[in-house]
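# A structural walkthrough
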Amino acid sequence: MQIVTKDLEYVYQKGTPFEKRALFHINVTIPSHSYTAVIGHTGSGKSTLLQHLNGLLQPTGGEIRIGDLTVTSEKKGKGLKGIRQKVGIVFQFPEHQLFEETVEKDICFGPMNFGATEEEARQQAKTALKLVGLSEELLNKSPFDLSGGQMRRVAIAGVLAMNPDILVLDEPTAGLDPRGRTEIMEMFYQLYQEKGISIVLVTHSMEEASKYADSIIIMHKGTVYKKGTPKEIFSSPAELIDLGLDVPESVRFQLKLEDKIGKEIAEPSLSIDELVENIFAYIKRVNEK
Amino acid sequence: MFLAKSVRLAFVFRGEMKSMAKEIVRFQDVTFKYDENASYALNGVNFSVYEGEWLAIVGHNGSGKSTIAKLMNGLIFPDSGSIYVNGKEISEETVWDVRDLVGMVFQNPDNQFVGTTVQDDVAFGLENHGIPREEMVKRVHDSLAKVKMDQFLNQEPHHLSGGQKQRVAIASVLALRPAIIILDEATSMLDPRGRSEVLGTVRELKNLNNLTIISITHDLEEAVKADRLIVMNRGTVYAEGTPADIFLMDEKLVELGLDIPFTQKLIKKFKENGYHIPDEILHEDKLVDYLCKLLQKI
């Protein structure tokens, strides 16, 4: 399933004195089976865009095509409910949304809302729990007796149990310890590779964006400032830093070093290994001269 | 073997600190369980905090970091062992005096805003302490000025960014003139800009008022700038020392569910490739300087 926006525009509280334009002429495509990272400051319009992806917000101008469904300012379109099943959003700190008595009931809530029988929902809950790397023993526990990391996984399982084609993740690693962060990012990457789903990742971490995504969208003041592969996006790091955005640590370090020696070492390095390789290659080049 | 060395280093360091600074918090054989049937949240924990230092407590989720914070201002009491703040043991009787000394800033900016405006929020704690109105107005203004939020006196909380909300939370704590501020993952829900705003503010305040800062964090880039580090693992103090000591632990930190800061990772890669980098290089700027000299020599 593909999502395409065409001149998408959104104004909060339109027609009131508090009117505030959050999105201007957004044109982006999220192809089937892709991994897209959305980057930008707080207030850049990331979250507003994200809420359009499954029709939680209706554009005030332009349109968004989600699969076969077109949503414009005039029409919401039939089948929005189906779309919400196909596009699952994991909001920030999803564990705050857990509410049921047991893990199983909590995960079953989504599928049953979309018409699954109790039996089907239970089956889906089991599968989803396995996907997030938790054991079945937890099914009958209260979600509130689990650790923070486990609670987050249960909340994510609740979204996965609906079998979405597209998984939208709003800062899924915030507040986790470094190991928890790596584990959860690897889990999403595995889902992307093995289940063929698409992932849209909203993150402040440039490391996560450059490591996992095949394309990056940079939002700035309600517009798409830049889009491209990680290589393309970070090819002009100084520009991003001027905007007040971060770049991967390896890129930032390289830039600092190049500034200091007054020479370019290589193209921006997206990982620490690449950076070390590039510095050694530079040393070798200079020595050969 | 390394552990023994690090403990010894920490010991030497502690000896030095003692002659320089006053001990302001001491945990002595502290044990705590949230539930009788649960495992120990803290098990035989001993450490000291010295006046005017920035101490970072790091550790995996569930290692006992936040339990330490809650014990330190008497939100919970130890099952056994003692905790001393400014020489006074925390008990039901002393807990209110201790809370005057220890201010806490929590993780979620939305959970700690109690007032309807910025100035009401700061005034809330002062009212609870029965501070006279004149003094209260003065303290509200002073502390908001210190966190650079005095332009926002009558703003409602939902108009503020996460970083601004956390700065108001710090002002609320500051207005009570504490000697110690505990940051319990206070920047983990903020974006990078909000994070540096908050940490910059705390650093300035610490230097101006000789505050003691205890920062519970996952952010190793922040921990590297602390004066001293405590690494928690499964309810015990695993290691204690300066950032330089602790980050020598390298892969061991990863095993403990933590990470290694970027500069240390980079230094390690250079060493693996046969380049010697002196041990005293710990911060990024120093490494840039060093590499710069190296690259200019060739």
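Just so it is clear, the model here is predicted, and its values are computed rather than measured. (Residues numbered from 1 in each chain as written. Chains lettered and ligands numbered in written order. Predicted model: local features only at pLDDT ≥ 70, side-chain atom pairs only at ≥ 80, totals over all residues. Heavy atoms only, no water.)

## Brief notes about the overall build of chain A
Put simply, the rule reads: Secondary structure elements follow DSSP: runs of H or I of four or more residues count as helices, runs of E of two or more count as strands, with numbering from the N terminus. Only C-alpha atoms enter the radius of gyration; for comparison, a globular chain is expected to reach 2.2 Å times N to the power 0.38, where N is the number of residues. The rule is simple: take the accessible area with a 1.4 Å probe, protein chains only, and divide by the maximum for that residue type; under 20% is buried, over 50% is exposed, in between is partly exposed. Should any heavy atoms of two residues lie within 4.5 Å, those residues are counted as being in contact. The method behind every accessible area is Shrake-Rupley, applied with a 1.4 Å probe, and residues are considered shielded solely by the protein chains displayed.
Scanning chain A from N- to C-terminus turns up 11 helices and 11 strands. Here chain A has a C-alpha radius of gyration of 21 Å; the compact-globule value for 289 residues is 19 Å, and the two agree. Among the 289 residues that make up chain A, the fraction classed as buried is 53%. Contacts in chain A between residues at least 24 apart in sequence constitute 59% of all its contacts with a sequence separation of at least 6. Of the roughly 13,400 Å² that chain A leaves accessible, carbon and sulfur atoms contribute 49%.

## Remarks on the pattern of salt bridges
Residue and element names in this part refer to chain B. Rules: Think of a salt bridge as a Lys or Arg side-chain nitrogen and an Asp or Glu carboxyl oxygen that are within 4 Å of each other.
The full count for this structure, using the stated rule, is 30 salt bridges over all chains. Here R228 ties to E53 by a salt bridge, and the two come within 2.8 Å at their closest N and O atoms. Placement of R228 in strand β9 (residues 228-233) and of E53 in the loop between β2 (42-50) and β3 (54-59) is noted, with a sequence separation of 175 residues between them. R228 gets classed as buried once you look at its relative accessible area, which sits at 1%.

## Here we look at the sheet that holds strand β1 (residues 23-32) of chain B
Residues and elements named next belong to chain B. Stated formally: The pairing criterion for strands is at least two bridges between them, as found by DSSP. Every axis corresponds to a line fitted to the C-alpha atoms, with the helix fit spanning only the stretch in contact, and the corresponding angles, defined between N-to-C directions, vary from 0 to 180 degrees.
Taken in spatial order, the four strands line up as β2-β1-β4-β5 in an open sheet, and their pairing is antiparallel. Of all the strands in the sheet, just β2 and β5 (88-89) have a single pairing partner and so form its edges. Where helix α2 (residues 65-72) meets the sheet, it contacts β1, β2 and β4 (80-85), and its direction lies at approximately 120 degrees from that of β1.

## What about a negative patch on the surface?
The condition that has to hold: Only residues whose relative accessible area exceeds 30% and that form no salt bridge are eligible for patches; like-charged ones are grouped when within 9 Å, while nonpolar side chains (Val, Leu, Ile, Met, Phe, Trp, Tyr) are grouped when within 5 Å. Think of it this way: Lys and Arg go in the positive column, Asp and Glu in the negative one, and His and the chain ends go nowhere. One atom stands in for each charge, and that atom is NZ of Lys, CZ of Arg, CG of Asp or CD of Glu.
Together, D145 of chain A together with D35, E36 and D79 of chain B make up a region of like negative charge exposed at the surface. Tracing the sequence through the fold places E36 of chain B in the loop between β1 and β2.

## As for the nonpolar core
A general feature of soluble globular proteins is that nonpolar side chains tend to end up buried together. Definition in use: Working definition of a nonpolar core: buried Ala, Val, Leu, Ile, Met, Phe, Trp, Tyr and Cys residues. They are joined through side-chain atoms within 4.5 Å.
Formed by 52 residues in total, the largest nonpolar core has its most connected members in I107, L167, F188, I199, I216 and F234 of chain A. Sequence-distant contacts of F188 of chain A, that is, excluding residues within four places in its chain, are made with I156, L167, L169, P172 and I199 of chain A.

## Description of the UniProt feature "domain: ABC transporter" (unreviewed entry) in chain B
The condition is simple: UniProt positions are given in the numbering used here, feature names are shortened, and annotations may be inferred rather than shown by experiment.
In the UniProt entry, the feature "domain: ABC transporter" (unreviewed entry) is given for residues 25-259 of chain B. Within the segment residues 25-259 of chain B, helix and strand shares are 36% and 24% respectively, and the terminal C-alpha atoms sit 27 Å apart.

## Observations concerning the domain arrangement of chain B
Keep this limit in mind: Domain start and stop positions are those given by an automatic or database domain assignment.
Under the domain assignment used here, chain B contains domain 1 (55-75 + 94-260) and domain 2 (268-297). Just the C-alpha atoms count here: the centres of domain 1 of chain B and domain 2 of chain B sit 34 Å apart.

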